[in-house]
Amino acid sequence: MKDVAARAGVGLKTVSRVVNGEPGVTADTERRVREAIGALGFRRNDSARILRKGRTASIGLVLEDLADPFYAPLNRAVEEVARDHGALLFNGSSAEDADRERELALALCARRVDGLIVIPAGHDHRYLEPEMAAGVATVFVDRPAGRIDADAVLSDNFGGARDGVAHLVAHGHRRIGFIGDRPTVHTATERLRGYHAAMDAAGLPADDSWISLGPTAPERVTAEAERMLTGPRPVTALFTGNNRVTATVVRVLARLPRPVALVGFDDLELADLLSPGVTVVAQDAARLGRTAAELLFHRLDGAGEEPRQVVLPTRLIVRGSGEVGP
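Everything numeric in this text was worked out from a predicted model, so none of it was measured.

If you look at the biggest cluster of nonpolar residues, it comprises 39 residues, and the most contacted ones within it are Val165, Ile176, Ile179, Tyr195, Leu238, Phe239 and Val249. Where this core is concerned, the elements lending two or more residues are helix H8 (157-170), strand S6 (176-180), helix H9 (186-201), helix H10 (218-228), strand S8 (237-240), helix H11 (243-254), strand S9 (261-265) and strand S10 (279-282). What Leu238 contacts, discounting residues up to four positions off in sequence, is Leu168, Gly177, Ile179, Met228, Leu229, Val249, Leu253, Ala261, Leu262 and Val263. Counting 26 residues, the second-largest nonpolar core is a separate cluster that includes Val78, Ala87, Ala285 and Leu312.

Structure representation (structure tokens):
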């Protein structure tokens, strides 16, 4: 700063004001200071700035899987909000592993991020209590935190699944199968609850053989779909619990000689280009990310109200596969 001040012919305080974007500097003086900075090839020392201000202007995002198309718009939305607040985003994947989630979240805290946005893989987040008590703002997204009180931004998984299954019922289906994620996943159990609510509302039984929760690996999903679609009382429609399950089921149905109705939770790329197009219950992943990030910065600005849960609506997109009759 002394070298910049000497070259620009100003005081140290003036250089500090220019670097930190503070008022009280004329346009001509700011120009001279910035020309001096450029000529000397200097960069602001953010480590020193952190020590002085106690804030790093950075946040962390713990995703389930960076390769999952669902998380791309969510990640981008968080990054845009962070950028609007002059903050840098660091992110990583938990790979649906609770230990890896904890390791990654604490590593980000050790690097002094100001706040965390977490898509939880585990069910016990008490390990974050010391960090939160120390001032690390934390918001959970897609799924609520486990065993602690914390802000959460969720989709209406129950209502969306209920509406999707009710749509199949309205098109004449009485034997509807459900294939979803593992029963330990909050979104999977909420969507199953919505399935049961729609079947109950229509006065329809939900046979245990029509329901399958488990890993979303193509091998398991294929086997379960084929099982439900064969036998003396096959299902005439399927409701799939997420985009990975839907993609596998679409491949199974393409091999069948007869049409089978399908509604999937989560939209997927090119769903409108298939024949028939895939009817889906769509979440707004970008809105999830944007809402979570805005809530995080609201906390960083000093908001001290009790933790809150924000539930965002889903949307049924009709494209053809969910309108196939029994």
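This part is about the packing of helix H2 (residues 12-19) against helix H3 (residues 27-40). Two numbers describe a pair of packed helices, the interaxial angle and the distance between the axes. Running from N to C, H2 and H3 cross one another at 85°; their axes reach a closest spacing of 10 Å. Between H2 and H3, the angle is such that the two are roughly perpendicular. For the pair H2 and H3, the contacting residues are Thr14, Val15, Val18 and Val19 in the first and Thr29, Glu30, Val33, Arg34 and Ile37 in the second. When its residues are assigned to classes, the contact of H2 with H3 shows five nonpolar, two polar and two charged.

This brings us to the domain arrangement of the protein chain. Per the domain assignment, the segments making up the protein chain are domain 1 (2-44), domain 2 (56-155 + 285-312) and domain 3 (157-283 + 316-323). Averaged C-alpha coordinates put domain 1 and domain 3 at centres separated by 62 Å.

What follows deals with helix H5 (residues 71-84). Owing to its 3.6 residues per turn, the α-helix brings residues three or four apart onto one side. With 14 residues, H5 extends 20 Å from end C-alpha to end C-alpha; this agrees with the ideal 20 Å at 1.5 Å per step. Of the residues making up H5, those classed as buried are Tyr71, Leu74, Asn75, Ala77, Val78, Val81 and Ala82. Down the axis, H5 shows its buried residues gathered within 160° of arc, on one side only. Away from the buried face of H5 by more than 90 degrees, exposed residues Arg76, Arg83 and Asp84 are located. For H5, the secondary structure elements touched by its buried residues are strand S1 (58-63), strand S2 (88-93), strand S3 (115-118), strand S4 (137-141) and helix H12 (285-300). Directly beyond the C-terminal end of H5, a positive phi value near 70° is found at Gly86.

Attention shifts here to the packing of aromatic side chains. One pass over the full model with this rule turns up three aromatic pairs. Note on Phe70 and Tyr71: the rings are 5.1 Å apart at their centroids and 75° apart in plane angle, and the pair reads as edge-to-face. Taking relative accessible area as the criterion, Phe70 reaches 12% and is therefore assigned buried. What links up through ring pairs into an aromatic cluster is the set Phe178, Tyr195 and Phe239. Lying across the ring of Phe265, Arg191 places its NZ or CZ 3.9 Å from the centre.

Residue position: Thr29 is located in helix H3. A polar contact is formed between the side chain of Thr29 and the side chain of Thr26, at a distance of 2.8 Å. Those residues in contact with Thr29 that lie beyond four places of it in its chain are Val10 and Thr14.

In space, the six strands of this open sheet follow the order S2-S1-S3-S4-S5-S11, with parallel pairing throughout. If you trace the sheet from one side to the other, it starts and ends with S2 and strand S11 (309-312), each paired once. Going from strand to strand, the sheet's axes swing by 15° on average, the running direction of each strand aside. Here four bridges tie S3 to S4, and the two strands are oriented parallel to one another. When the sheet's bridge partners are listed, Val118 is paired in S4 with Phe140. Relative to S4, H12 is tilted by about 160°, and along the sheet it contacts S1, S3, S4, strand S5 (151-155) and S11.

In this section: H8. Relative to the 20 Å expected for 14 residues at 1.5 Å per residue, H8 spans 20 Å between its end C-alpha atoms, a close match to the ideal helical length. The buried fraction of H8 is high, at 10 of 14 residues.

All right, on to the environment of Glu80 then. As for its placement among the helices and strands, Glu80 is situated in helix H5. Along the backbone, Glu80 and His186 are 106 residues apart, and their C-alpha atoms lie at a distance of 27 Å.

Neither face of S10 is open: one carries Thr279 and Val281, the other Val280 and Ala282, and all of them are buried. As defined by bridge partners, S10 adjoins strand S12 (residues 315-317) across three bridges and the pair is classed as antiparallel. Residue pairing in the sheet places Val280 in a bridge with Ile317 of S12.

Procedures and definitions
- Residues numbered from 1 in each chain as written.
- Predicted model: local features only at pLDDT ≥ 70, side-chain atom pairs only at ≥ 80, totals over all residues.
- Heavy atoms only, no water.
- Core = buried A, V, L, I, M, F, W, Y, C linked by side-chain atoms within 4.5 Å.
- Buried < 20%, exposed > 50% of the residue type's maximum accessible area, 1.4 Å probe, protein only.
- Helix = DSSP H or I, 4+ residues; strand = E, 2+ residues; numbered from the N terminus.
- Contact = heavy atoms within 4.5 Å.
- Axes fitted to C-alpha atoms, helices over the stretch in contact; angles between N-to-C directions.
- Parallel < 35°, antiparallel > 145°, perpendicular 65-115°, else oblique.
- Nonpolar A, V, L, I, M, F, W, Y, C, P; charged D, E, K, R; others polar.
- Domains from an automatic or database assignment.
- Expected span 1.5 Å × (residues − 1).
- Arc of directions from axis to C-beta.
- Phe/Tyr/Trp six-rings, centres within 6.5 Å; stacked < 30°, edge-to-face > 60°.
- Lys NZ or Arg CZ within 6 Å of the ring centre and 35° of its normal.
- Polar contact = N/O pair within 3.5 Å; in protein donor to acceptor, adjacent residues only side chain to side chain.
- Pairing = 2+ DSSP bridges.

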